[in-house]
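Listed below, chain by chain, are the residues.
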Protein chains: 4
Amino acid sequence: MEQPVDHRRGPRRRGEVLFNAIVEATLAELAEVGYAGLTMDGVAQRARTSKASLYRRWPTRQDLVAAAIQHTARTTEPIPDTGGLRTDLLAALDLVVQRLTSPVGEAVRGILTDTLRDPELTRELRESMVSGRNRLLTQVLRQAAERGEIRAETITPRVAAAGPALVLHHFLTQGPPMPVELRAQIVDEVLLPLAGLPRVQ
Amino acid sequence: MEQPVDHRRGPRRRGEVLFNAIVEATLAELAEVGYAGLTMDGVAQRARTSKASLYRRWPTRQDLVAAAIQHTARTTEPIPDTGGLRTDLLAALDLVVQRLTSPVGEAVRGILTDTLRDPELTRELRESMVSGRNRLLTQVLRQAAERGEIRAETITPRVAAAGPALVLHHFLTQGPPMPVELRAQIVDEVLLPLAGLPRVQ
Amino acid sequence: MEQPVDHRRGPRRRGEVLFNAIVEATLAELAEVGYAGLTMDGVAQRARTSKASLYRRWPTRQDLVAAAIQHTARTTEPIPDTGGLRTDLLAALDLVVQRLTSPVGEAVRGILTDTLRDPELTRELRESMVSGRNRLLTQVLRQAAERGEIRAETITPRVAAAGPALVLHHFLTQGPPMPVELRAQIVDEVLLPLAGLPRVQ
Amino acid sequence: MEQPVDHRRGPRRRGEVLFNAIVEATLAELAEVGYAGLTMDGVAQRARTSKASLYRRWPTRQDLVAAAIQHTARTTEPIPDTGGLRTDLLAALDLVVQRLTSPVGEAVRGILTDTLRDPELTRELRESMVSGRNRLLTQVLRQAAERGEIRAETITPRVAAAGPALVLHHFLTQGPPMPVELRAQIVDEVLLPLAGLPRVQ
DNA sequence: CCTTAATCGAGACGGTACGTCGTGTCTTTAT
DNA sequence: ATAAAGACACGACGTACCGTCTCGATTAAGG
């Protein structure tokens, strides 16, 4: 793809530059071979660095992938505000779907199981994965409450988590792609009723 | 655990006997080292058989684990029937939690990511994992409809899937153990409202 | 050099065949990159086998090289018998020089230092390196005694070792090649006088 | 051993002071882990300096060890002069043995093989290793010639080299320690006869 | 005395080899 | 024919060391 540059002599990448190069190589590997096929060797080779530089930053493969996930999580998506709760929810779920369909999604799905034995890492990842989605959904519901569409008491963490949880559940059990009508079903049969609105058929 | 019997000479197992021995060894390994730590070598050694005998039956590690999962799925749990929907739902979710906490749960969680790239295996596993739970929840809801507690129209596949999906979601993002009050929250804040019943505070 | 044959499937070498292939690859590597440049990876690659197959037989690099040395030591050279002690000694030293100049010599010189910390291996190697040469020299001297050239009492282990020791000493301190006149000097100035014969100028 | 002094800030060594610190650290490492276990990292760490400071002075590990050897070679031992050739020779060989038993000996034995591919370094080392010993033996023999014990014609470079060569040969093939009776055998069976004296039994 | 250049210390970097482990295939021997 | 055992070829693991580099700190020397 690129000409082989020997970074041993000459401009040697360090610090943040190298960090970013590795993270991007990780995402590229995830897209190409998936989470299960990801190897430290492969990432190092693609990033034109050494395994030592990887292990100096991340003790395990999971930590590396977690860093890649968090790296992409920085770019905060704008909260959907279409003027109606239903379309807002559809747009919000679409953001979740898009994220799960990207290389990051591959990583998210892959790491969910590997890390369960490491509570520390689990908690760390939850922050960048779950809470972001929860904030998204909660905000959408609050906008609807301010508009008078729903009552504020219906907004609970459990309700906010339901939408993304169902989307993730579909991805884990059925895999991509996610049919569009399914997204509508989740909104109409679950989320809107939970918000206290009459069901749409 | 058992006395070491050299199956090279003497009573050599084959057919179903050997099949079961391997499956049970797989479950034992899952309980001991988890899905990530499971190896074909380890299973073969624990089952006192050879890797060839494993690969003759299951081409991949995932197939082996899938077989172990399906093996335990045979024992059909009785549908909870306590006389009320709320307690039925709590009991049903408890069954799901129990399953996820067992060695099988370790396998289920582990295999979810590995298999996404193999649609064939994904579909196969879905049958033994998801549909079982869906049938459980759907049955509980039907009992309530027959009792007149809820209206039959509220029962949709999406609603039936919501409970187990939220439980699984918690396991994947928070890990065990599952607090009991969380189960109650799922029932009271999500499932009962979805069934058309007023929320319990 | 040769077409890459994937030995994973197809005729897979085992036992003695594989053993010999590895030993010969080791000698080839010694000839090409020397003892210091010898790597297990390199040998495995040249022999088209795996590192595991190497380590299964020889726990250390030294053991592998030792095996290569001993493998070539099997071919017993005939004892020189030219009819005169002086020419016999010259021929005997020539054999020593030839051995030290060959790939085996590279190995012998290289392993001498690495193994000193392992008394077990040291003793083992001594047998195939030193004793062979001692036997050679002792035999040559005995032939001379039988011919009446020298007295039998002059033959001691110390005297028999002197010749090869001086040759090795030159190799270690000066390196190859070994000038022919030097061999003559060793014979005329050291070995013959030690055997009780008048010095030749 | 010593209190950890951070030389980054505070009294920073350079020039000869640093040179000596590194050489001494090299000798200490040789004594502790041997030549094979010697690493540039280890020496730098022990000397509390950086690898760059090492490589600025010595391009290779061999050069570093060679410098350490030569550093200790400065202290010229007095030539033995006991009044008799035999005791002088025993004392001279004892000096050789002592040198080979010290950390320097470990270095000498180790470097003999590594450097054979670098003729330049080989020649350089020969000066500090071999010629010193040769001068020692030659001087002892000359003293005996002046005393009338032996004839001057028997003194040749080859004869002078024989003693140390046999001692080194034993160290390389048998390893330490060197039995005292062996030293006597070398003197009585080899060196004295070579000097033209009757053999001692 | 102050600047300036050289040197030092620490350690990151790209790379290679280490010795181990697991994979999936195969050969061998025994039932 | 199939079972048990394990050798085999391969590749990834995580570590150690190599020799090079960057960086800031600290000296010594000259103006």
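Residues numbered from 1 in each chain as written. Chains lettered and ligands numbered in written order. Predicted model: local features only at pLDDT ≥ 70, side-chain atom pairs only at ≥ 80, totals over all residues. Heavy atoms only, no water.

## Comments concerning the relation of the copies chain B and chain A
Selection criterion: We place the copies in one frame by least squares, fitting the C-alpha atoms of every residue whose pLDDT is at least 70 in both. Note on contacts: a residue pair is in contact if any heavy atoms of the two residues lie within 4.5 Å.
Superposition of chain B onto chain A requires a rotation of 180° combined with a translation of 0.2 Å along the rotation axis, giving an RMSD of 0.2 Å. Overall, the copies show the geometry of a two-fold rotation axis. A share of 100% of the interface residues of chain B reappears at the interface of chain A, consistent with the copies meeting face to face through the same patch.

## Topic: the interface of chain D and chain C
Interface size is commonly expressed as the accessible area that is lost once the parts come together. Operational definition: Buried area, as used here, totals the accessible surface that two parts lose on assembly, with accessibility defined by a 1.4 Å probe and the loss added over both. Take a side-chain nitrogen of Lys or Arg and a carboxyl oxygen of Asp or Glu: if they are within 4 Å of each other, that pair is a salt bridge. Polar contact criterion, stated in full: a pair of N or O atoms within 3.5 Å, where within protein one must be able to donate a hydrogen and the other to accept it, and residues adjacent in sequence count only if both atoms are side-chain atoms. Helix and strand assignments follow DSSP, with helices taken as H or I runs no shorter than four residues and strands as E runs no shorter than two, numbered in order from the N terminus. Note on residue categories: nonpolar means Ala, Val, Leu, Ile, Met, Phe, Trp, Tyr, Cys or Pro, charged means Asp, Glu, Lys or Arg, and polar means any other residue, Gly included.
Tallying the contact residues gives 42 residues for chain D and 42 residues for chain C. Summed over both partners, the interface of chain D with chain C buries about 3,300 Å², with 62% contributed by carbon and sulfur atoms. Taken together, the connections running from chain D to chain C amount to zero salt bridges. Here chain D and chain C share four residue pairs in polar contact (both at pLDDT 80 or more) between them. Listed by contribution, the elements that provide at least two residues to the side of chain D that touches chain C are helix H1 (15-33), helix H6 (103-114), helix H7 (119-147), helix H8 (157-174) and helix H9 (180-194) of chain D. If you tally residues by element for the side of chain D that touches chain C, the top one is H8 of chain D, at twelve residues. Among the residues making up the side of chain D that touches chain C, the classes are represented as 20 nonpolar, eleven polar and eleven charged.

## Let's talk about H8 of chain D
Residues and elements named next belong to chain D. For clarity, the threshold we go by: Expected helix span is given by 1.5 Å per residue-to-residue step, counting one fewer step than there are residues. Burial classification: accessible surface area is computed with a 1.4 Å probe over protein chains only, and a residue below 20% of its type maximum counts as buried, one above 50% as exposed, and the rest as partly exposed.
The end-to-end C-alpha separation of H8 is 26 Å, in line with the 26 Å expected for 18 residues at 1.5 Å each. Counting buried positions over the 18 residues of H8 gives 16, a clear majority of the element. The first or second residue beyond H8 is Gly175, which carries a positive phi of 80°.

## Concerning the UniProt feature "DNA-binding region" (unreviewed entry) in chain A
Applied cut-off: UniProt positions are given in the numbering used here, feature names are shortened, and annotations may be inferred rather than shown by experiment.
Under the local residue numbering, the UniProt record ascribes the feature "DNA-binding region" (unreviewed entry) to residues 39-58 of chain A. Taken end to end, residues 39-58 of chain A comprises 70% helix and 0% strand; its first and last C-alpha atoms sit 13 Å apart.

## Brief notes about the nonpolar core
Applicable threshold: Side-chain atoms within 4.5 Å are what join buried Ala, Val, Leu, Ile, Met, Phe, Trp, Tyr and Cys residues into a set we call a nonpolar core.
By size, the foremost hydrophobic cluster in this structure holds 126 residues, and its most contacted members are Ile69, Leu85 and Val167 of chain C together with Ile69, Leu85 and Val167 of chain D. When residues no more than four places from it in sequence are discounted, the contact partners of Val167 of chain C are Leu93, Val96, Val97, Leu100, Met178 and Ile186 of chain C.

## A short note on the pattern of salt bridges
If you walk through the whole model with that rule in mind, you get 40 salt bridges over all chains. For Asp188 of chain A, the salt bridge is made with Arg86 of chain A, and the minimal N-O distance between the two is 2.7 Å. One end of the pair, Asp188 of chain A, is in helix H9 (residues 180-194); the other, Arg86 of chain A, is in helix H5 (residues 85-101), with 102 residues separating them in the sequence. Between Arg109 of chain D and Glu106 of chain D there is a salt bridge, with its nearest N and O atoms 3.0 Å apart. One end of the pair, Arg109 of chain D, and the other, Glu106 of chain D, are both in helix H6, three residues apart, so they sit about a helical turn from each other.

## Topic: the interface of chain B and chain A
Each partner contributes residues to the interface: chain B has 41 residues there, and chain A has 42 residues. When chain B packs against chain A, the two sides together hide about 3,300 Å² of surface, and 62% of this comes from carbon and sulfur. One can count zero salt bridges joining chain B with chain A. The interface formed by chain B and chain A includes four residue pairs in polar contact (both at pLDDT 80 or more). When residues of the side of chain B that touches chain A are traced back to their parent elements, those giving at least two are helix H1 (15-33), helix H6 (103-114), helix H7 (119-147), helix H8 (157-174) and helix H9 (180-194) of chain B. Take the side of chain B that touches chain A: its biggest share by element is twelve residues, from H8 of chain B. Taken together, the residues of the side of chain B that touches chain A break down into 19 nonpolar, eleven polar and eleven charged.

## Some words on the domain arrangement of chain A
All names here are of chain A. Rules: These domain limits were set by an automatic method or by a database of domain assignments.
Split by domain assignment, chain A resolves into domain 1 (15-71) and domain 2 (75-194). Listed by partner, the interface residues are twelve residues for domain 1 and 15 residues for domain 2. Summing both partners gives a buried area of about 1,100 Å² for domain 1 against domain 2, and 70% of it is carried by carbon and sulfur. Taken as a group, Tyr35, Ile69 and Gln70 account for 51% of the area that domain 1 buries against domain 2, more than any other trio of residues on that side. Where domain 1 meets domain 2, there are zero salt bridges. Between the two partners, domain 1 and domain 2, sit one residue pair in polar contact (both at pLDDT 80 or more). For the side of domain 1 that touches domain 2, the elements supplying multiple residues, two or more each, are helix H1 (15-33) and helix H4 (61-73). With seven residues, the single largest contributor to the side of domain 1 that touches domain 2 is H4.

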